[in-house]
Amino acid sequence: MSTPTAYVLALADDALISSQRLGWWISRAPQLEEDVAMANIGLDQLGQARALLSLAGAATGRSEDDLAYLRNERDFRNVCLVEREQADFGVAMARMLVFSTWQHELYSALSGSSDAMLAAISAKAVKETAYHVDHATHWVLRLGDGTDESHARMQAAVDAEWPWRAELFETEFLDDSLVADGVAVDPSGLQGPVEQRLEAVLHQATLNVPDTTSAYSKGRLGRHTEAMGYLLAEMQHLHRSHPGVNW
Amino acid sequence: MPRLDPCYTRTPEMRAFVTRAVTVGDVYGNDFTTPEQQPTPVIADRPDEPASFRALLETDGRVEPRDEMPEGYRKTLVRQIAQHAHSEIIGMQPEGNWISRAPSLRRKAILMAKVQDEAGHGLYLYAAAETLGVDRADLLDQLHSGRQKYSSIFNYPTLTWADVGAIGWLVDGAAIVNQVPLCRCSYGPYARAMVRVCKEESFHQRQGFEILHTLSHGSEAQKAMAQDAVNRTWWPSLMMFGPPDDDSPNSAQSMAWGIKRFSNDDLRQRFIDMTVPQAEALGLTLPDDAIRWNEERGHYDFTPVDFTELFEVIRGNGPCNEQRLSHRVKAHEDGAWVREAAAAYADKQAARHAQEGAA
Amino acid sequence: MSQEPLWEVFIRSRRGMSHVHAGSLHAADAEMALRNARDVYTRRQEGVSIWVVPASAIEASSPDEKDAFFDPAGDKVYRHPTFYDVPEGVQHL
């Protein structure tokens, strides 16, 4: 059976980079209760990232920190969806809805992976991501079906995030044999179920499903948006300034 | 090294400390007003005190929200609990400043959880204040407009990663010395909130100590970073206990009500006595040459704190006053549309349910 | 300034225990209140079940009525098992 390192790394990077963006919200949320909620979700994602990074690094003797802090931008394999700026609460919730719904479908399927470790990590993450979907859904409903202003802002946020969802279903980066061996889940197979769930929420929230095509999004191949360099510069700077020490 | 385990103290010494403490003490040791801003204490209003209130205090009972209480007691509590809550949420910023740059994923997770706790603690405390008949929204307005203060310690910048350690060790350490007695304060909702806060905070100080311990046993650069952070944080952390009691007019009133049991100076001394051996264990020095054990007093001697700086910071002239408040106000204003949407949605849903019910 | 309603939060710490008052929070509606309660009051596995109740829906006894409400129970000592004499040696009673 082939080593699923690259595949696991991609999922780990999704969670890590999403968590990095969510951390920004702590002390900036619309209400105190939401500061707590967003931190919870960020912590769940960081936990997923750490487990997956450790799994990915085990084969080559690299630690979670080696992988998080010492890889360069082109070596990160997260989708571009999660790396972009998100200083608007509507954007944050639109993205959380898309990303968590995809993660929930993915981890549900991966709970049956033939890789026992990956299956165990996924089984834990299913419960976490179910809550993230629930949280995002409740906010998208409230913002979509709230005031005129919130409706307009939420629609704009959905319009902005929607094109970036497509990369979640790309298969280009994936070694076919992993799917055949039952280690990985074919991403393209998730598109139907994920979009069906997303469209149901948008509909209930009185929002339109954008008819835009997909964005040019090649994070899975290591070609990121310009935002990624700044994100990593901030995240990695301190660790890299003191090579080889303990923290 | 003496270990603090707030609220659930295991050493007889700390248990005695908790037991002796009865009522509300000033949060973080001071009430964040300069002497000229402080109201003149009115010690002589005892005749107005309801007998039931007096009786509760005299029997070490708890005052609950709907009990009769003197207006001054209520106001003092509202101000103190609100300032405590404000301190928790403003306190998210200096440490939150390092979440994105934490040098390991383990440290990042710990720090996120800690800053999240601070939001939670602010929330518990606002809830306690609301039992006294005020609204959280009004208290936040008062914070945002500068009418209510928060602890001055958060008006200092976190310049390096070691500051996260120094805040945990010294700032949370000082806060714990102040907060443990509050677990037994006379106002029930405040005491209960503090029990929860103390229970959750037991990891905060230790993680700070651990950060500094790792740094001080690491590379030369790491050790220098740790020492620098301690040098900068030491004096402000001593100021957290407030001015000497002679210059703290509210102390007298609080003592008279049993709102405060320990003097600012006593708490400061206690903090120093606990901290000096911990600094030795860290292999770091405290920036005060006068610190030495005084056998006769049974305490460490130290250089008297120069409070000129504290009052300047309280007046708004600290390094980060402007930044902390505008960050907070911006978050609040940026979130207004979200809160309005939630309210509008709730109204719509209620109307829909009413319609369904009528049909 | 608009203020979201206040909710009182009750938590069952584990199966077999009653829900106990944990604190309060603000939320626009019950669904969000429940979720906020989960995030705020059960971060350390403090609960297995949560109730949220609008604070405005709670009717509380008043301290003024304390005597009338609670003192009459004071002299009903026969409600307590220790009121009764049990001959020495009798067990399981």
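Let me begin by describing the structure that accompanies this report. All of these numbers come straight from a predicted model, not from anything done at the bench.

## A word on the overall build of chain B
1) Next: A tally of regular secondary structure across chain B gives 14 helices and 2 strands.
2) Next: Counting the 359 residues in chain B, one finds 62% classified as buried.
3) Next: Contacts in chain B between residues at least 24 apart in sequence constitute 80% of all its contacts with a sequence separation of at least 6.
4) Next: Split by element, the accessible area of chain B, about 13800 Å² in all, is 53% carbon and sulfur.

## Things to note about the sheet that holds strand β3 (residues 49-54) of chain C
Residue and element names in this part refer to chain C.
1) Next: Taken in spatial order, the 3 strands of this open sheet run β2-β1-β3, and their pairing is antiparallel. Taken across any chain shown, the strands that pair with only one partner, and hence form the sheet edges, are β2 (19-26) and β3. Neighbouring strand axes in the sheet, compared pairwise and without regard to direction, differ in orientation by 25 degrees on average.
2) Next: Sheet analysis places strand β1 (residues 6-12) next to β2, joined by 7 bridges and oriented antiparallel. The partner of L6 across the bridge, within β2, is H26.

## Concerning the interface of chain A and chain B
1) Next: The interface of chain A with chain B comprises 46 residues on the first partner and 45 residues on the second.
2) Next: Buried area between chain A and chain B, summed over both chains or domains, comes out near 4000 Å², and the portion from carbon and sulfur atoms is 66%.
3) Next: For the pair chain A and chain B, the interface holds 3 salt bridges.
4) Next: A salt bridge links E33 of chain A to R136 of chain B; its shortest N-O distance comes to 2.8 Å.
5) Next: The interface formed by chain A and chain B includes 17 residue pairs in polar contact (both at pLDDT 80 or more).
6) Next: The element best represented in the side of chain A that touches chain B is helix α2 (residues 32-58) of chain A, accounting for 11 residues.

## Concerning a negative patch on the surface
1) Next: Residues D175, D176, D181 and D186 of chain A make up a contiguous surface patch of negative charge.
2) Next: Along the chain, D175 of chain A falls in the loop between α6 (148-161) and α7 (176-180).

## Quick notes on the pairing of β1 of chain C
Residues and elements named next belong to chain C.
1) Next: Most of β1 sits inside the fold, with 5 of its 7 residues counted as buried.
2) Next: Hairpin connection, β1 to β2: the antiparallel pair is bridged by 6 residues, and G16 has positive phi, about 100 degrees.
3) Next: Strand direction decides the pairing type here: β1 and β3, joined by 6 bridges, are antiparallel. Of the residues in β3, the one forming a bridge with I11 is I50.

Definitions and cut-offs
Residues numbered from 1 in each chain as written. Chains lettered and ligands numbered in written order. Predicted model: local features only at pLDDT ≥ 70, side-chain atom pairs only at ≥ 80, totals over all residues. Heavy atoms only, no water. Helix = DSSP H or I, 4+ residues; strand = E, 2+ residues; numbered from the N terminus. Buried < 20%, exposed > 50% of the residue type's maximum accessible area, 1.4 Å probe, protein only. Contact = heavy atoms within 4.5 Å. Areas by Shrake-Rupley, 256 points an atom, 1.4 Å probe, with all protein chains shown as cover. Pairing = 2+ DSSP bridges. Axes fitted to C-alpha atoms, helices over the stretch in contact; angles between N-to-C directions. Buried area = accessible area lost by both parts, 1.4 Å probe. Salt bridge = Lys/Arg side-chain N within 4 Å of Asp/Glu carboxyl O. Polar contact = N/O pair within 3.5 Å; in protein donor to acceptor, adjacent residues only side chain to side chain. Patch = residues over 30% accessible without salt bridge, like charges linked within 9 Å, V, L, I, M, F, W, Y side chains within 5 Å. Lys, Arg positive; Asp, Glu negative; His and termini not counted. Charge placed at Lys NZ, Arg CZ, Asp CG, Glu CD.

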